[in-house]
Amino acid sequence: MPIAKIAPSMLSSDFANLASEADRMIQCGADWLHMDIMDGHFVPNLTIGAPVIQSLRKHSKAYLDCHLMVTNPLDYVEPLGKAGASGFTFHVEASKDNWQELVQQIKSKGMKPGVALKPGTPVEEVYPLLDGENPVEMVLVMTVEPGFGGQKFMPETMEKVRDLRKKYPSLDIEVDGGLGPSTIDAAASAGANCIVAGSSVFGAPEPAQVISLLRKSVEVAH
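An account of the accompanying structure is given in this report. Each chain has its residues counted from 1, running along the sequence as written. In keeping with the model being predicted, local features are shown solely for residues with a pLDDT of at least 70 and side-chain atom pairs are shown and tallied solely at 80 or more, while totals for entire chains, interfaces and linings include all residues. Just so you know, side-chain values use all the structure's heavy atoms and leave hydrogens and water out.

Some details on the overall build of the chain
Here is step 1: Numbered from the N terminus, helices here are DSSP runs of H or I no shorter than four residues, and strands are runs of E no shorter than two. Looking only at helices and strands, the chain has 9 helices and 8 strands in total.
Here is step 2: For 222 residues, the compact-globule estimate of 2.2 N^0.38 gives 17 Å, and the C-alpha radius of gyration of the chain, at 16 Å, lies within 12% of that figure.
Here is step 3: Dimensions along the principal axes, computed over C-alpha positions, put the chain at roughly 45 × 40 × 30 Å.
Here is step 4: Here Asp and Glu are counted as negative and Lys and Arg as positive; His is not counted, and neither are the chain ends. Every charge is mapped to an atom, namely NZ of Lys, CZ of Arg, CG of Asp or CD of Glu. The chain carries 19 positive and 27 negative side-chain charges, and their two centres are separated by 4 Å. We compute the radius of gyration from the C-alpha atoms alone; for a globule the expected value is 2.2 Å times N to the 0.38, where N is the number of residues.

With respect to the packing of helix 2 (residues 50-57) against helix 3 (residues 74-83)
Here is step 1: Packing of helix 2 against helix 3 leaves a shortest axis separation of 8 Å and a crossing angle of 15 degrees. Considering their axes alone, helix 2 and helix 3 lie roughly parallel with respect to each other. Helix 3 is crossed by helix 2, and the crossing has right-handed handedness. Where helix 2 approaches helix 3, its residues Ala-50, Ile-53, Gln-54 and Arg-57 are matched on the opposing element by Pro-79, Leu-80 and Ala-83.
Here is step 2: Per-class residue counts for the contact of helix 2 with helix 3 are 5 nonpolar, 1 polar and 1 charged. Orientation is described by axes fitted as lines to C-alpha atoms, over the contacting stretch for helices, and by angles from 0 to 180 degrees between their N-to-C directions. When an angle is under 35 degrees it counts as roughly parallel; over 145 it counts as roughly antiparallel; between 65 and 115 it counts as roughly perpendicular; any other value is oblique. Working rule for handedness: look at the near helix, and if it is turned counterclockwise from the far one by less than a right angle, call the crossing left-handed; if clockwise, right-handed. Only heavy atoms enter the contact rule, under which two residues are in contact if any of them lie within 4.5 Å. Residues are grouped as follows: nonpolar covers Ala, Val, Leu, Ile, Met, Phe, Trp, Tyr, Cys and Pro; charged covers Asp, Glu, Lys and Arg; every other residue, Gly included, is treated as polar.

Some thoughts on the side chain of His-67
Here is step 1: Mapped onto the elements of the fold, His-67 is located in strand 3 (residues 63-69).
Here is step 2: Polar side-chain contacts of His-67 include one of 2.9 Å to the side chain of His-91.
Here is step 3: The residues contacting His-67, other than those within four sequence positions of it, are His-34, Met-35, Asp-36, Ile-37, Thr-89, His-91, Ala-116, Leu-140, Met-142 and Asp-176. Polar contact is the term for a pair of N or O atoms within 3.5 Å; when the atoms are in protein, one must be able to donate a hydrogen and the other to accept it, and sequence-neighboring residues count only if both atoms are side-chain atoms.

Observations regarding the environment of Ala-197
Here is step 1: You can see Ala-197 is positioned in strand 8 (residues 194-197).
Here is step 2: Think of it in three bands: residues with accessible area under 20% of the maximum for their type are buried, residues over 50% are exposed, and the middle band is partly exposed, with areas taken using a 1.4 Å probe on protein chains only. Here Ala-197 falls in the buried class, since its relative accessible area comes to 1%.
Here is step 3: As a C-alpha pair, Ala-197 and Val-210 span 13 residues in sequence and 9.4 Å in three-dimensional space.
Here is step 4: Setting aside chain neighbours within four positions, we find Ala-197 in contact with Ala-7, Pro-8, Ser-9, Leu-179 and Leu-214.

Digging into the layout of surface pockets
Here is step 1: Two kinds of site are reported from a 1 Å grid over the protein atoms alone, namely cavities, where a 1.4 Å probe fits but cannot get out, and pockets, open sets with protein on both sides within 12 Å along at least five of seven lines, and residues are called lining when an atom falls within 4 Å of a point. Grid points are joined across faces, edges and corners, and a volume is the space filled by probe spheres set on the points. There is about 270 Å³ of room inside the largest pocket.
Here is step 2: If you go around the largest pocket, you meet 28 residues; those closest to its centre are Gly-149, Gly-150, Asp-176, Gly-177 and Gly-178.
Here is step 3: The class makeup of the residues in the lining of the largest pocket is 10 nonpolar, 15 polar and 3 charged.

Details of the sheet that holds strand 7 (residues 172-176)
Two orientations exist for strands paired in a sheet by backbone hydrogen bonds: parallel and antiparallel.
Here is step 1: A strand pair is defined by DSSP finding two or more bridges across the two strands. With parallel pairing, the 8 strands of this open sheet are ordered in space as 1-8-7-6-5-4-3-2. Of all strands in the sheet, those bounded by a partner on one side alone are strand 1 (5-8) and strand 2 (32-38). The sheet shows a mean angle of 20 degrees between the axes of neighbouring strands, direction not considered.
Here is step 2: Contacting strand 2 and strand 3, helix 2 runs over the sheet at an angle of about 175 degrees to strand 3.
Here is step 3: Across the sheet, helix 9 (residues 207-221) touches strand 1 and strand 8, and the angle it forms with strand 1 is around 145 degrees.

Topic: the nonpolar core
Here is step 1: If you look at the biggest cluster of nonpolar residues, it comprises 65 residues, and the most contacted ones within it are Ile-53, Phe-90, Val-126 and Leu-164.
Here is step 2: Dropping the residues within four chain positions of it, Ile-53 is found in contact with Met-35, Ile-37, Ile-48, Leu-64, Cys-66, Leu-80, Ala-83, Gly-84 and Ala-85.
Here is step 3: Nonpolar core, defined: a set of buried Ala, Val, Leu, Ile, Met, Phe, Trp, Tyr and Cys residues in which side-chain atoms within 4.5 Å join the residues together. Of all hydrophobic cores here, the second largest spans 5 residues; its members include Ala-7, Trp-32, Met-138 and Cys-194.

Here it is in structure tokens:
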């Protein structure tokens, strides 16, 4: 089993103090920082882009786990590579025609390629991206509809996590949406090892305790 990676979602942070928020999360034990990049087309919300990643990179050595909720992920590869993104996770729904080229480009810029799928997308749609010659290195199973923070966890999405874990025992499987102390056990026991958590971490009096609890749940389950 791959190791637990806890990735606080910076969408829930104080954007006016992004560098200090990033630093605070790393001090609290975070492994990755999850960065939500939305274009206002693929999802209705609009968040950050390469300039913000570039600014944050100057203040942080952390692994920047970028989740692209965008219509044309290929347009973002070069700018994000230059900006210092660590991981580049695109949506399978937006890349059916060019994922091979996309994965190749992401790797050529030194980033880790991942693929995400919405709650309504069948898990089978990502299998070609894992079984091909140039596979992605992570699958992000959305446990809420992408686009907005603070939504309720959808337990039915755990079926996809179970299927992926069974088929790909060493794969990094990330879950994002509504994860916190009350839902982590369901995700961990299904086989998720990369945990994105927003409001449950940033809204906690002691974020370090929540991060530690999430990690423990993954380690116990695996």
